[in-house]
Amino acid sequence: MGINRTYLIEEKDVVLAFSTNVDCRNIDNSSSFFNSADVVSCKQIHSDIVKIADESTRGTEIPDCDALITNIRNLPLLIRTADCVPVVLYDKRKHVIANIHSGRVGTQKQIVRKTVEMMQSHYGSSSSDIIAAIGPHICGKCYEVDAACASEFGEKYIVGFSESQKPLIDIASACKEQLEATGVNSNNIFISDICTAESPEWPSWRRDKCVERLGTFIVLC
Ligand SMILES: [Zn+2]
């Protein structure tokens, strides 16, 4: 599959698109929504580091970060995941976009909240103008972790126990909570109901130990 537009965010000057076969190193998909040569990605490290993408980083992979923000048109931002949570943000008034890799570790480090705060401090964004979309990710019924991980992540995110009595945690709900904590209206948060681990057509590290990644692209047009 190529890069397909999604309507989780339905705004005329922004395109959100998913690809199920982005390699963990390369972007060789063709897209009618943007020029692949312009894509800015992150060398993702499970951090809470947020960086600004600008003309100087067009077409590059920015080292050591897990979220990108820009207000430049035709500068697509790419996040790669395989079970982790991709979160995109769009400030419809200031025309600023962000793309976030929020796995268990990044979520615990509050990368979603920190990205919203950087949009506020750097671009003057108001949370009330921000629309958020949470893309396909591993769901709470499938994400089994050991007890130490679960208690470090937060007892309140434990949604049950697996057959082997290991805790199951819901990372996406923690991402949503961080958005709401910064003042993003819950009516403006759209969550994909696709679970990567349960859907063979979507890349899942837990299921396949794959090199394929879900590519989440957002671009201002
Ligand atoms: Zn699931």
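Look up: the structure comes first, before these words.
We now turn to the structure provided with this report. A quick note: this is a predicted structure, and the numbers were derived from the prediction, not measured.

To continue, consider the overall build of the chain. Secondary structure summary: the chain contains 5 helices and 14 strands in total. In terms of overall dimensions, the chain is globule-like: its C-alpha atoms have a radius of gyration of 16 Å, near the 17 Å expected for 221 residues. Taken over the C-alpha atoms alone, the chain extends approximately 50 × 35 × 30 Å along its principal axes. Going through the 221 residues of the chain one by one, you find that 43% of them count as buried. When contacts within the chain are restricted to residue pairs at least 6 apart in sequence, long-range pairs at least 24 apart make up 62% of them.

Bringing the sheet that holds strand β13 (residues 189–191) into the picture now. Strand order in the open sheet made by the 6 strands is β4-β6-β9-β8-β10-β13, with mixed pairing throughout. What marks the edges here is a single partner per strand, and that holds for β4 (50–52) and β13. Mean inter-strand twist for the sheet, computed between neighbouring axes without regard to direction, equals 15 degrees. Lying on the sheet, helix α2 (residues 111–123) is in contact with β4, β6 (67–70), β8 (85–91), β9 (96–102) and β10 (130–134); it crosses β9 at an angle near 160 degrees.

Here we take up the packing of α2 against helix α4 (residues 171–181). For the pair α2 and α4, interaxial distance at closest approach is 8 Å and the crossing angle is 30 degrees. Taken together, the axes of α2 and α4 lie roughly parallel to each other. Seen from above, α2 lies across α4 with right-handed handedness. Contacts between α2 and α4 involve Val112, Arg113 and Val116 on the former and, on the latter, Cys175, Gln178, Leu179 and Ala181. Looking at the contact of α2 with α4 residue by residue, the class counts come to 5 nonpolar, 1 polar and 1 charged.

This brings us to the nonpolar core. One finds Val87, Val88, Leu89, Ile97, Ala98, Ala132 and Cys175 to be the most contacted residues of the largest nonpolar core, which totals 57 residues. Contact partners of Val87, with chain neighbours within four places excluded, come to Ile100, Ser102, Val112, Ala132, Ile134 and Cys175.

Along an α-helix, a turn takes 3.6 residues, which lines up residues three or four apart on a common side. The first and last C-alpha atoms of α2 sit 17 Å apart over 13 residues, in line with the 18 Å expected at 1.5 Å per residue. Considered for burial, the residues of α2 that qualify are Ile111, Val112, Thr115, Val116 and Met119. Burial along α2 is one-sided: seen end-on, the buried residues are contained in an arc of 145 degrees. Following α2 by one or two positions, Gly124 adopts a phi angle in the positive range, close to 70 degrees.

This brings us to the environment of Asp13. The topology assignment puts Asp13 in the loop between β1 (3–6) and β2 (14–23). Using a count of 12 C-beta atoms within 10 Å as the deciding quantity, one classes Asp13 as exposed. In this structure, the C-alpha to C-alpha distance between Asp13 and Lys92, residues 79 residues apart in sequence, is 8.8 Å. The contact partners of Asp13, leaving out residues within four places of it in the chain, are His95, Leu220 and Cys221.

The next thing to look at is the pairing of β2. Where β1 meets β2, 4 bridges bridge the pair, whose relative direction is antiparallel. Bridging from a neighbouring strand, Ile3 pairs with Ser19 of β2. Sheet analysis places β2 next to strand β14 (residues 212–220), joined by 8 bridges and oriented antiparallel. Of the residues in β14, the one forming a bridge with Val14 is Leu220.

This part covers the sheet that holds β2. Consider a sheet: its strands pair through backbone hydrogen bonds, and that pairing is either parallel or antiparallel. Spatially, the 6 strands line up as an open sheet ordered β1-β2-β14-β7-β3-β5, and their pairing is mixed. Single-partner strands in this sheet number two, and they are β1 and β5 (61–62).

This part covers unusual backbone geometry. When glycine is set aside, most residues are seen to have a negative phi, and most peptide bonds are trans. A positive phi is found at His46, a non-glycine position, where the angle reads about 55 degrees. Classification of His46 as partly exposed rests on a count of 17 C-beta atoms within 10 Å. For Gln165, which is not glycine, the phi dihedral falls at a positive 65 degrees. On the secondary structure map, Gln165 appears in the loop between β11 (158–161) and β12 (167–169).

The rules we used
- Residues numbered from 1 in each chain as written.
- Predicted model: local features only at pLDDT ≥ 70, side-chain atom pairs only at ≥ 80, totals over all residues.
- Helix = DSSP H or I, 4+ residues; strand = E, 2+ residues; numbered from the N terminus.
- Rg over C-alpha atoms; globule rule 2.2 N^0.38 Å.
- Buried ≥ 20, exposed ≤ 12 C-beta atoms within 10 Å, placed from the backbone.
- Contact = placed C-beta atoms within 7 Å.
- Pairing = 2+ DSSP bridges.
- Axes fitted to C-alpha atoms, helices over the stretch in contact; angles between N-to-C directions.
- Parallel < 35°, antiparallel > 145°, perpendicular 65-115°, else oblique.
- Left-handed = near helix turned anticlockwise from the far one by under 90°.
- Nonpolar A, V, L, I, M, F, W, Y, C, P; charged D, E, K, R; others polar.
- Core = buried A, V, L, I, M, F, W, Y, C linked by C-beta atoms within 7 Å.
- Expected span 1.5 Å × (residues − 1).
- Arc of directions from axis to C-beta.

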